[in-house]
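A structural walkthrough
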Amino acid sequence: MPAPDLFALSDIKGPVLRPTDKAYAAEVTGFNLAAPHTPDIVIGATDTADIVTALRWATATHTPVAVQATGHGANFPIDTGLLINTSRMTDVHIDPATRTATISAGAKWRDVINAAAPDGLAALNGSSTDVGAIGYTLGGGLPVLGRAYGYASDLVRSFKVVTADGTLHQADPTHEPDLFWALRGGKGNVGIVTEMVTELPALARILGGGIYCAGEDAEPLLRTWAEWTQTVPDEMCTGFTLLRLPPLPEIPEPLRGRFWSRVAVAWTGVPEEGQALLTPLREAAPVVFDTVEEMDYTAVDMIYQDPQDPLPARESCGCLGELTPDAVTALLDEAGPAARDYPLLLVELRHMGGALARPATTEDAVCARNAAYLLEAVGVLIAPEAAAAVETATTALYEAMIPYATGCTMPNLHGRPGDEADRARAWTPEIYDRLRRTKHAYDPQNLLRYGHTVTTA
C-alpha cells in the first residue's frame, strides 16, 4: 500500500494508527467481537474535515475504505485498507420547535434519547440504545416503536454525506434525491454520513417491559401471541423471544442461566388500555415475572434487555409473510423446548405491519414493508465447536421457515454477508439494481466495499 502520508493524512486531527501502534487494537475493535478488524490504517475522525481528507487520500491511492461507529453491525472482518472510526463525533442538537435532532456520525441512540428527553421527545431506536444512530438508520432501522411510527429512515429529513472521492454533499428530497434515496435503506454503499437530521416523536412515556414465562411453556405463549397479533392496534409493538441465557454474572439473577419464553412490549397509547390488551398473553401460560409498566422513554432498554458488553456473535434474519399454526409448529420443532442443548442464544419474532407497512413519504430503499413478522436469530461464538453448532442451527432454522418466508432480509440484521446473491436478498431485484447504478455514480472505484455492500453497475 502507498505511504500513509501520500495524500495529506498528516492533516487529520484525529489519530492515524498502524497495526504496530499501541492504541491500534482499541481503535479497530467494535461491539461484535466475531469480526476482528485488521486494516492497514485506522483513522479516528474528529470531524467532517477528517473524513473528507481520508476519503480523498483513499481515492488517490485506490485504498478500500470501511467506517465504524460502535461496531454492533461488524459482521464482516476488515483485513486490509482503511478503517474510519467515527466514535469521537457524538454531537447531538435538539430543536424542540421543529421536533428534530441533528446527529453526528458517531452518536449513539442513547445520546439522542438523553438529549431529547427534556423536551418530551423520543427516538426511533432499536432494541438497544447503544447502537450508532446513523449506521442503524442507513439500513432502514427497525424501531422498538416501529408499528406506531414506521422505520427510522422514514423520519429522516436530510443527510450530510462524504462520497468516496471526498466530496461533501447535502442530500434531501430536493437536493440530490438519488443519493437521499440510497441512504434510506441502502446501507453504507454510497458514502460516509457525517450528519443526519431526523424528526423525533413527541413522546415522553410509554408502557413497556416483558412478560416472561418458562421456556417449557413456549408453545401456548407463542400460539396465543401469533393469534393475538392479528387483532391488536398499531400502537402495540411486540416481539416473541426464545431466550437461552448462560450462567454469566453479567446477566441479572432472575434471568441468569435459564431458558425463557418472553413477549417484549412497547405500547404508545393510554397505559390502562395497553395493560388490558395484554390479558390474553398473561393467561396463555404461567407468568414467572412481568415487568410491563409505565416508564419514561429513557428506560426503553429495559424492554428487550439486550447485552451491554461486547461479545462474539452470529446474527441473522429473515422476513415472514405469515405466522400460521404450521409456521409456529415449524419454529418450535427447531428451537422450542424439545431442542435440547440448542446453541442459539436468541430466536425472536418481531410483529411487523402497522406503520412499517406504509410507504415512505418519499422514495427509499427499504424492502421489508410487506413482511408480517421478522425472524431473527443470534448465537454466541465462544469456541470453534460452538461456532459450528451455531452455524448448523441457524441454517436449519431458516430452512424450516422457508415455506412462510418472503425471501427477503434486512441489511442491519442480515448478518455475515455472503456472495452477491446472498447480499441482494436484503432488497427487491428492482431496488438492488437501482442501488448498483447509484453506487456506480458515487463510488465507481468500489472503495466502499466492506460490509453489506453491493457491486457497482
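How each quantity is defined
- Residues numbered from 1 in each chain as written.
- Predicted model: local features only at pLDDT ≥ 70, side-chain atom pairs only at ≥ 80, totals over all residues.
- Heavy atoms only, no water.
- Helix = DSSP H or I, 4+ residues; strand = E, 2+ residues; numbered from the N terminus.
- Rg over C-alpha atoms; globule rule 2.2 N^0.38 Å.
- Contact = heavy atoms within 4.5 Å.
- Buried < 20%, exposed > 50% of the residue type's maximum accessible area, 1.4 Å probe, protein only.
- Arc of directions from axis to C-beta.
- Pairing = 2+ DSSP bridges.
- Core = buried A, V, L, I, M, F, W, Y, C linked by side-chain atoms within 4.5 Å.
- Polar contact = N/O pair within 3.5 Å; in protein donor to acceptor, adjacent residues only side chain to side chain.
- Axes fitted to C-alpha atoms, helices over the stretch in contact; angles between N-to-C directions.
- Salt bridge = Lys/Arg side-chain N within 4 Å of Asp/Glu carboxyl O.
- Expected span 1.5 Å × (residues − 1).

This next bit is on the overall build of the chain. Within the chain, the secondary structure is distributed over 14 helices and 17 strands. Relative to the compact-globule value of 23 Å for 457 residues, the chain shows a C-alpha radius of gyration of 22 Å, a close match. Based on the C-alpha atoms only, the size of the chain along its principal axes is roughly 65 × 55 × 45 Å. Within the chain, residue pairs in contact and separated by at least 24 positions form 73% of the contacts whose partners lie at least 6 positions apart.

Of all the positions in helix H7 (residues 218–228), only Ala218, Leu221, Leu222, Trp225, Ala226 and Trp228 are classed as buried. The buried residues of H7 occupy an angular sector of 165 degrees when projected down its axis, which confines them to one face.

A few words now on the sheet that holds strand E3 (residues 65–68). Within a sheet, each strand pairs with its neighbour through backbone hydrogen bonds, oriented either parallel or antiparallel. In space, the 4 strands of this open sheet follow the order E1-E2-E4-E3, with mixed pairing throughout. Edge positions in the sheet fall to strand E1 (16–17) and E3, since each has one partner strand and no second. Direction of pairing for E1 relative to strand E2 (residues 41–44): antiparallel, over a ladder of 2 bridges. Bridging from a neighbouring strand, Val16 pairs with Ile43 of E2.

Right, let's get into the nonpolar core. Core analysis: the largest hydrophobic core is formed by 55 residues, its most contacted members being Ile103, Val112, Phe159, Leu183, Leu200, Ile303 and Trp427. Examining the composition of this core, we find that 5 residues originate from one element, helix H6 (residues 177–183), more than from any other. Not counting the four nearest positions on each side in its chain, Val112 is found in contact with Val92, Ile94, Ala101, Ile103, Ala123, Ala133 and Leu200. Of all hydrophobic cores here, the second largest spans 43 residues; its members include Trp228, Phe240, Leu320 and Leu375.

With that out of the way, let us pick up the environment of Asp443. Among the structural elements, Asp443 can be located in the segment after helix H14 (429–442). Setting aside chain neighbours within four positions, we find Asp443 in contact with Ala164, Asn189, Leu448 and Thr456. A polar contact of 2.9 Å, which involves the side chain of Asp443, links it to the backbone nitrogen of Leu447.

Our focus in this paragraph is the pairing of strand E4 (residues 82–85). The two faces of E4 match: Leu82 and Ile84 on one face and Leu83 and Asn85 on the other face are all buried. Where E2 meets E4, 4 bridges bridge the pair, whose relative direction is parallel. Looking across to E4, one finds that Val42 is bridged to Leu83. Of the pairings in the sheet, the one linking E3 to E4 comprises 4 bridges and is parallel in character. Looking across to E4, one finds that Val65 is bridged to Leu82.

This part is about the sheet that holds strand E7 (residues 156–162). The 5 strands are arranged E5-E6-E9-E7-E8 in an open sheet whose pairing can be described as antiparallel. Taken across any chain shown, the strands that pair with only one partner, and hence form the sheet edges, are strand E5 (92–95) and strand E8 (168–171). Across the sheet, the mean angle from the axis of one strand to that of its neighbour is 10 degrees, orientation sign disregarded. In terms of strand pairing, E7 meets E8 through 4 bridges, oriented antiparallel. Counted as the bridge partner of Lys160 is Gln170 from E8. Seen against the sheet, helix H3 (residues 109–116) touches E5 and strand E6 (100–104) and runs at an angle of roughly 35 degrees to E5.

Scanning all chains against the criterion turns up 24 salt bridges. Among the ionic pairs, Glu253 bridges to Arg256, the shortest N-O distance being 2.9 Å. Classification of Arg256 as partly exposed rests on a relative accessible area of 28%. Within this structure, Lys13, Asp47 and Asp50 form a network of salt bridges that share partners.

The first and last C-alpha atoms of H14 sit 20 Å apart over 14 residues, in line with the 20 Å expected at 1.5 Å per residue. Every buried residue belonging to H14 is among Ile431, Tyr432, Arg434, Leu435, Thr438, Lys439 and Tyr442, and all of these are buried. Considered in projection along H14, the buried side chains sweep an arc of 160 degrees and stay on one side of the axis. In H14, the exposed residues that point more than 90 degrees away from the buried face are Pro429, Glu430, Arg437 and Ala441. Among the structural elements, E8, H6 and helix H13 (420–423) are those in contact with the buried residues of H14.

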